[in-house]
4 protein chains.
Amino acid sequence: MSEHRNGPVRSAAARDAILDATARLLAKQGYDNLTMEGIAKEAGVGKQTIYRWWPSRGALITDCMSEGRLMPIEIEIPDTGHLRADLNVWLESVIAVVSDPGGAALLRSLVAAAAEDGAVGDRLAEMLGMDQALSLRFASAVRMDQLSEDAPVDLLGLAIVGAIIVPVLARRPISPDELRRLLDHLVRPAG
Amino acid sequence: MSEHRNGPVRSAAARDAILDATARLLAKQGYDNLTMEGIAKEAGVGKQTIYRWWPSRGALITDCMSEGRLMPIEIEIPDTGHLRADLNVWLESVIAVVSDPGGAALLRSLVAAAAEDGAVGDRLAEMLGMDQALSLRFASAVRMDQLSEDAPVDLLGLAIVGAIIVPVLARRPISPDELRRLLDHLVRPAG
Amino acid sequence: MSEHRNGPVRSAAARDAILDATARLLAKQGYDNLTMEGIAKEAGVGKQTIYRWWPSRGALITDCMSEGRLMPIEIEIPDTGHLRADLNVWLESVIAVVSDPGGAALLRSLVAAAAEDGAVGDRLAEMLGMDQALSLRFASAVRMDQLSEDAPVDLLGLAIVGAIIVPVLARRPISPDELRRLLDHLVRPAG
Amino acid sequence: MSEHRNGPVRSAAARDAILDATARLLAKQGYDNLTMEGIAKEAGVGKQTIYRWWPSRGALITDCMSEGRLMPIEIEIPDTGHLRADLNVWLESVIAVVSDPGGAALLRSLVAAAAEDGAVGDRLAEMLGMDQALSLRFASAVRMDQLSEDAPVDLLGLAIVGAIIVPVLARRPISPDELRRLLDHLVRPAG
DNA sequence: CCATAACCGAGACGGTACGTCTTGTCTTGCC
DNA sequence: GGCAAGACAAGACGTACCGTCTCGGTTATGG
């Protein structure tokens, strides 16, 4: 942290330094080696300044996710009318993360965090599109007859994201090819 | 532990007491509140006796899983010729676990453990059938024309398990109905 | 410990509670049963608070000695002009300690501590007058013709203290009578 | 230990290996780093074999002392008729030990052991001549008019040995010169 | 315009748990 | 029955963090 600025209003510099340190240390050392004390030292900040604004590691991580400090994953999914093409935009950013060893490790850390902090789980679900983005896109595809009318639009995203996350846990991430084959099966045109 | 039995060979009583305590405490307190010291005390055992045989919490947990001390999930999937009926046998045991709040919490703990210990991830994948059981059953179904020939038999299990696990992370487990709807879509007869 | 007082400056209450506990436990249990953990528990203090300020048991003990928390031994020796009378003032406090079984045990503990920690040895020597007090008094006596001019003033104290300490080690403390006989021989008037 | 010889009678080889290891480790690492386990490993012996025959570290050390495995100090003091000359024989062996840093450290270790084990204290007193040897020699000197009739023959040895041991504790051993000066004062001819 | 209140970095505090080491007892299997 | 080997329950070691609490100091605001 630089530009030490004290006073009765919240220091933006401190906030930024803390989230930055959190993201950096999470990526470098993993979730279980992420300590409040380490973050404070890395950020050049007193511990109390962290506890004043965030109640837990999980809260720090959700804030990092909200501000995109952790992963370059597209949250929005375009709707150009071509389902598979649109999905690929999203997929590419996901694959980029999962294929990189560091990215996979980071994702594992996020899952660990999610497992013990529900809010992280919510935020992670949203980031991966499971919450809304994928469902909405699939519903749109149904309306355009690019997806069978009885397809479970609210669940397909779940299955796709699950098929991505679960192998990451076991250290053998799904390959782009496999992912494409799965999509071919899941996202079949109406009929 | 009872029947204190020392000697130059491994004490079965100690081993059993330790794994038992691990399973009990993991279910009661969750993964991040599971401590080596707590296990030792609960098992009535010296810490060194744990460290002598297991290098980490993860190793204890994989052993518990291997011996079925944690979850009553069917690993074997029957093959009577009716895919959906056979899947239901497996599904029921999975749903029973996921629907119980304690079971869901335990599953979250296992995911947390898997996220920081690859071996736990492997063992968890195996327990949930992702490793082999589901793939083999799907392959058999293809041969019996109950599943499209070009279905990605090695990935369907992944998608199903993923769709189960991921919502558990966010504290809103998938409902049996939703799961059935997803299966209807994923496991369609040959078309 | 009472009056829990945290903050970025050293807590006098913690310091006092720790030294007090050290003195109490050393007297009660002896040096080799004196543990850092026991001191922390007795003082109602975290172990780190001890290690923050003292590197070892020895350092705790020297501090206790410096503050007279262990033994009521006169360090100063008066100089009224009558050597034997002045020595008796000092002797009496030493005899009081050595004659009491608890005092002898405590002295043995200090010797054990001194044997493995030089600083304790220094402090113990000082406390027993060997460092300066006795030598100075003897030198003064020489100037007043109460002690032979060629008496080894810097060594007489050593011999006296040694004759006191050594029997304590073997659990048969020197008796006051014996000590007086020895002094009669050692501290003979000039001539 | 070599020549592994089991059987229903005590193994002399084991006994020797254990005492040898004790002496070696005591000299190398000091009393407080001397562990039963370390001795067993160094001697190539099971721990039980030690505990079967010796109840404590102290007992091992007294046995070592009894067999002269630790220090080359003359226990017998000759009586040629010349007190100072005879004392010098003994003194020389003592000075040799005290002047060598290793010897001084070993002596400190013995004092530490004596402080917590009375038997070691007894044995140490005997080894240093305090028990009998010096007293007897002084008594003989009185009879030959080389020492004042009213000299405390039973205490002089105490004072001498004390003046040697105590400075060793504080890491500043008495010098041979100082020791000689002290003797000049203590052991004056009858006058 | 100055007191006051909230912020800041720093870090001490009572604790819990870590993973290692040693203790003294007990058991196994060989001799 | 002695022996080497070593597992066992117990518990201390010194370190790392936890989350709480002061400490001085800085700075914006409101009486």
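Residues numbered from 1 in each chain as written. Chains lettered and ligands numbered in written order. Predicted model: local features only at pLDDT ≥ 70, side-chain atom pairs only at ≥ 80, totals over all residues. Heavy atoms only, no water.

### Considerations on the overall build of chain A
Tallying secondary structure elements over chain A gives 10 helices and 0 strands in all. Written out in order from the N terminus, the α and β elements of chain A read α-α-α-α-α-α-α-α-α-α. Summarising its shape, the C-alpha atoms of chain A cover approximately 65 × 35 × 25 Å along the three principal directions. Taking all 191 residues of chain A together, 51% fall into the buried category. Nonlocal contacts in chain A, meaning residues at least 24 apart in sequence, comprise 64% of its contacts between residues at least 6 apart. Surface summary for chain A: the accessible area is close to 8600 Å², and the carbon and sulfur share equals 50%. Once the 20 positive and 26 negative side-chain charges of chain A are each reduced to a mean point, those two points are 7 Å apart. (Helix = DSSP H or I, 4+ residues; strand = E, 2+ residues; numbered from the N terminus. Buried < 20%, exposed > 50% of the residue type's maximum accessible area, 1.4 Å probe, protein only. Contact = heavy atoms within 4.5 Å. Areas by Shrake-Rupley, 256 points an atom, 1.4 Å probe, with all protein chains shown as cover. Lys, Arg positive; Asp, Glu negative; His and termini not counted. Charge placed at Lys NZ, Arg CZ, Asp CG, Glu CD.)

### Let's talk about the interface of chain B and chain A
Counting residues at the interface gives 36 residues for chain B, matched by 36 residues for chain A. Here chain B packs against chain A, burying approximately 3100 Å² in sum over the two surfaces, 64% of which is carbon and sulfur. Among the residues of chain B in contact with chain A, Leu155, Val166 and His185 of chain B are the three that bury the most area, contributing 17% of the side total. One can count 6 salt bridges joining chain B with chain A. Asp154 of chain A is paired through a salt bridge with Arg181 of chain B; the nearest N and O atoms lie 3.1 Å apart. At the boundary of chain B with chain A, the tally comes to 10 residue pairs in polar contact (both at pLDDT 80 or more). Secondary structure elements with two or more residues in the side of chain B that touches chain A: helix 6 (101-116), helix 7 (118-127), helix 9 (153-169) and helix 10 (176-186) of chain B. At 11 residues, helix 9 of chain B tops the list of elements feeding residues into the side of chain B that touches chain A. (Buried area = accessible area lost by both parts, 1.4 Å probe. Salt bridge = Lys/Arg side-chain N within 4 Å of Asp/Glu carboxyl O. Polar contact = N/O pair within 3.5 Å; in protein donor to acceptor, adjacent residues only side chain to side chain.)

### Let's talk about helix 5 (residues 83-99) of chain A
Residues and elements named next belong to chain A. If you check helix 5, its first and last C-alpha atoms are 23 Å apart, about what 17 residues at 1.5 Å a residue would give, namely 24 Å. Trp90 marks the point of greatest bend in helix 5, at about 30 degrees. Those residues of helix 5 lying buried are Leu83, Asp86, Leu87, Trp90, Leu91, Ser93, Val94, Val97 and Val98. Looking at the buried side of helix 5, the elements it contacts are helix 6 (101-116), helix 8 (133-143), helix 9 (153-169) and helix 10 (176-186). (Expected span 1.5 Å × (residues − 1). Bend = angle between axes of the 7 residues up to and from the residue.)

### Some points on the UniProt feature "DNA-binding region" (unreviewed entry) in chain A
UniProt annotation of "DNA-binding region" (unreviewed entry) refers to residues 35-54 of chain A when read in the numbering used here. Along residues 35-54 of chain A, the helical share is 75% and the strand share 0%, with 13 Å between the first and last C-alpha atoms. (UniProt positions renumbered as here; feature names shortened; annotations may be inferred.)

### Focus on the confidence of the model for chain A
On average, residues of chain A carry a pLDDT of 92, and 96% of them reach 70 or more. Mean pLDDT across the elements of chain A bottoms out in helix 5 of chain A (92) and peaks in helix 2 (residues 36-43) of chain A (98). (pLDDT = per-residue confidence, 0-100.)

### Some points on the packing of helix 1 (residues 12-29) of chain D against helix 4 (residues 57-66) of chain D
Residues and elements named next belong to chain D. With their axes 10 Å apart at the nearest point, helix 1 and helix 4 run at an angle of 95 degrees to one another. Here helix 4 runs roughly perpendicular to helix 1, going by the angle between their axes. Here Arg15, Ile18, Leu19, Thr22, Ala23 and Leu26 of helix 1 lie close against helix 4, whose contacting residues are Leu60, Ile61, Asp63 and Cys64. Here the contact of helix 1 with helix 4 is composed, by residue class, of 7 nonpolar, 1 polar and 2 charged. (Axes fitted to C-alpha atoms, helices over the stretch in contact; angles between N-to-C directions. Parallel < 35°, antiparallel > 145°, perpendicular 65-115°, else oblique. Nonpolar A, V, L, I, M, F, W, Y, C, P; charged D, E, K, R; others polar.)

### Focus: the pattern of salt bridges
Under the definition given, this model contains 63 salt bridges over all chains. Among the ionic pairs, Glu126 of chain C bridges to Arg123 of chain C, the shortest N-O distance being 3.2 Å. Taken as a pair, Glu126 of chain C and Arg123 of chain C lie in helix 7 (residues 118-127) at a separation of 3 residues, close to a single helical turn. A single salt-bridge network, built from bridges that share partners, covers Arg15, Asp16, Asp63, Glu67 and Arg69 of chain A.

### Here's the deal with the interface of chain D and chain C
The partner chain C presents 36 residues to the 36 residues of chain D that form the contact. Of all residues in chain D, the largest losses of buried area upon contact with chain C belong to Leu155, Val166 and His185 of chain D, amounting jointly to 17% of the total for that side. The tally of links between chain D and chain C comes to 5 salt bridges. Between Asp122 of chain C and Arg172 of chain D there is a salt bridge; the shortest N-O distance is 3.2 Å. Inspection of the chain D/chain C interface yields 10 residue pairs in polar contact (both at pLDDT 80 or more). Going through the elements one at a time, helix 6 (101-116), helix 7 (118-127), helix 9 (153-169) and helix 10 (176-186) of chain D are the ones with two or more residues in the side of chain D that touches chain C. With 11 residues, the top contributor of residues to the side of chain D that touches chain C is helix 9 of chain D. Taken together, the residues of the side of chain D that touches chain C break down into 20 nonpolar, 4 polar and 12 charged.

### Quick look at empty space enclosed by the protein
Residues and elements named next belong to chain D. Under the defined criterion, the tally for this structure stands at 11 cavities of 30 Å³ or more. What the largest cavity holds in volume is close to 70 Å³. Surrounding the largest cavity, Met71, Ile73, Trp90, Val94, Val97, Val98, Leu107, Leu128, Val161, Ile164 and Ile165 form its lining. At the level of secondary structure, the elements contributing two or more residues to the lining of the largest cavity comprise helix 5 (83-99) and helix 9. In terms of residue class, the lining of the largest cavity is made up of 11 nonpolar, no polar and no charged. (1 Å grid on protein atoms, 1.4 Å probe; cavity = no way out; pocket = protein on both sides within 12 Å on 5 of 7 lines; lining within 4 Å. Points joined across faces, edges and corners; volume = space filled by probe spheres on them.)

### A short note on helix 2 of chain A
Residue and element names in this part refer to chain A. What helix 2 keeps buried is the set Met36, Ile39, Ala40 and Ala43. Summarising the axial view, the buried residues of helix 2 lie within an arc of 100 degrees, below the 170-degree limit, and thus occupy one face. Facing away from the buried side of helix 2 by more than 90 degrees, the exposed set consists of Glu37 and Lys41. Its buried side turned inward, helix 2 meets helix 1 (12-29), helix 3 (47-53) and helix 4 (57-66). Just beyond helix 2, the residue with positive phi is Gly44, at close to 65 degrees. (Arc of directions from axis to C-beta.)

### What to know about the relation of the copies chain B and chain A
Expressed as a screw operation, the relation of chain B to chain A combines 0.0 Å of axial shift with a rotation of 180 degrees, fitting to an RMSD of 0.1 Å. Considering both components of the superposition, the chain copies are consistent with a two-fold axis. Looking at the rotation axis and the C-alpha trace of chain B, the residue lying nearest is Gly162 of chain B, at 1.8 Å. Here 100% of the contact residues of chain B are again contact residues in chain A; the copies associate through an equivalent surface. (Least-squares fit on C-alpha atoms with pLDDT ≥ 70 in both.)

### Overview of the side chain of Arg123 of chain D
Residue and element names in this part refer to chain D. Arg123 gets classed as buried once you look at its relative accessible area, which sits at 15%. Engagement of the side chain of Arg123 in a polar contact is seen with the side chain of Ser66, the distance being 2.8 Å. Discounting chain neighbours no more than four positions away, the residues touching Arg123 are Thr62, Met65 and Ser66.

### Details of the domain arrangement of chain A
Residue and element names in this part refer to chain A. Assigned domains within chain A: domain 1 (12-66) and domain 2 (83-186). Here the C-alpha centroids of domain 1 and domain 2 sit 27 Å apart. Taken together, the contact pairs 12 residues of domain 1 with 12 residues of domain 2. The contact between domain 1 and domain 2 buries some 910 Å² in all, and 71% of this surface belongs to carbon and sulfur atoms. At the junction of domain 1 with domain 2, the criterion picks out 1 salt bridge. (Domains from an automatic or database assignment.)

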